[in-house]
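# Observations on the three-dimensional arrangement
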Amino acid sequence: MAIRQVRTLGEEVLRATAKEVTEVTPRIRELIQDMFDTMYDSNGVGLAAPQVGIRKRIVVIDVTGEDPIALINPKILTSDGEQTGYEGCLSVPGKSGIVTRANHVVVEAYNQDMEKITVEGEELMARALQHEIDHLDGIMYVDKVEGKLYDNEELAEMAEEE
Ligand code: NI
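Below: a short report on this structure. (Residues numbered from 1 in each chain as written. Predicted model: local features only at pLDDT ≥ 70, side-chain atom pairs only at ≥ 80, totals over all residues. Heavy atoms only, no water.)

A count of helical and extended segments in the protein chain gives 3 helices and 8 strands. When the elements of the protein chain are put in sequence order from the N terminus, they spell out α-β-β-β-β-β-β-β-α-β-α. At 15 Å, the protein chain has a C-alpha radius of gyration in line with the 15 Å of a compact globule built from 162 residues. Across its three principal directions, the C-alpha atoms of the protein chain cover 50 × 35 × 30 Å. Here the protein chain holds 162 residues, and the buried ones make up 44% of them. A separation threshold of at least 6 residues defines the contact pool for the protein chain, and within that pool the share at least 24 residues apart is 66%. Carbon together with sulfur atoms contributes 46% to the accessible area of the protein chain, which is approximately 8,600 Å² in total. (Helix = DSSP H or I, 4+ residues; strand = E, 2+ residues; numbered from the N terminus. Rg over C-alpha atoms; globule rule 2.2 N^0.38 Å. Buried < 20%, exposed > 50% of the residue type's maximum accessible area, 1.4 Å probe, protein only. Contact = heavy atoms within 4.5 Å. Areas by Shrake-Rupley, 256 points an atom, 1.4 Å probe, with all protein chains shown as cover.)

Laid out in structure tokens, this is it:
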């Protein structure tokens, strides 16, 4: 198990366009395992390779804690519907903001055996897929946030007052 350092907003690697993966080498497998370890260690539901400083088109997602999925060269094939809700990012620690995204997406990607797979997601899974795939093109959720960025402590206080 290896936890990698999570890069934070302002670091150039988060704004770069990541490169397609052509072959799953032992190093890539190790990277994917480390990405899962890093994501779980930070209680995240998704992580993209640029967030650990690697310019490759790889994301890991687990929105339930029991459904880990690694996607190589993911592409959104179709998206529909709309959802608006709070979103956060391990590269923007302690903050959340409201983002509107598609409510349902179909994604094509490759698995660790470089077999083509299709993944479909609704609601949180759809949000995670869109958020993580955005990272591969240097796009951060803060670019899409409606209104202000909240401190998570501030949000917790607001929730208590309700
Ligand atoms: Ni993120």
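There's more to say after this.
In this section: the coordination of the nickel ion. Cys-89 (SG), His-131 (NE2) and His-135 (NE2) make up the full set of protein donors to the nickel ion, lying at 2.0 to 2.3 Å. If you list the donors of the nickel ion from N- to C-terminus, the spacing comes out as C-x41-H-x3-H. With Cys-89 in the loop between strand E4 (83-87) and strand E5 (95-101) and His-131 in helix H2 (residues 123-135), the pair connects residues that are 42 residues apart, well separated along the chain. Per residue, the accessibility class of Cys-89 equals that of His-131, and both read buried. (Donors = N, O, S within 2.8 Å, 3.2 Å for Na, K, Ca; no water.)

Another point: the pattern of salt bridges. A side chain of one charge can pair with a side chain of the opposite charge if their charged atoms are brought near each other. Taken as a whole, this structure holds 12 salt bridges when the rule is applied. Between Asp-137 and Arg-57 there is a salt bridge; the shortest N-O distance is 3.2 Å. Placement of Asp-137 in the loop between H2 and strand E8 (146-151) and of Arg-57 in the loop between strand E1 (46-48) and strand E2 (58-61) is noted, with a sequence separation of 80 residues between them. Put simply, Asp-134 and Arg-101 hold a salt bridge, and the shortest N to O gap is 3.1 Å. A residue pair is termed long-range when its members are at least 10 positions apart, and Asp-134 in helix H2 and Arg-101 in strand E5 qualify at 33 residues. Residue class for Asp-134 comes out buried when judged on its relative accessible area of 12%. (Salt bridge = Lys/Arg side-chain N within 4 Å of Asp/Glu carboxyl O.)

Take the sheet that holds E8 next. Strands sit in the order E4-E5-E8 across an open sheet of 3 strands; the sheet is antiparallel. In the strand order of this sheet, the two ends are held by E4 and E8, each with one partner. In this sheet, adjacent strand axes meet at a mean angle of 25° when their direction is disregarded. The pairing of E4 with E5 spans 5 bridges and is classified as antiparallel. Residue pairing in the sheet places Glu-87 in a bridge with Gly-97 of E5. On the sheet, H2 packs against E4 and E5 and is oriented at approximately 65° with respect to E4. Along the sheet, helix H3 (residues 152-161) makes contact with E4, E5 and E8, crossing E8 at roughly 95°. (Pairing = 2+ DSSP bridges. Axes fitted to C-alpha atoms, helices over the stretch in contact; angles between N-to-C directions.)

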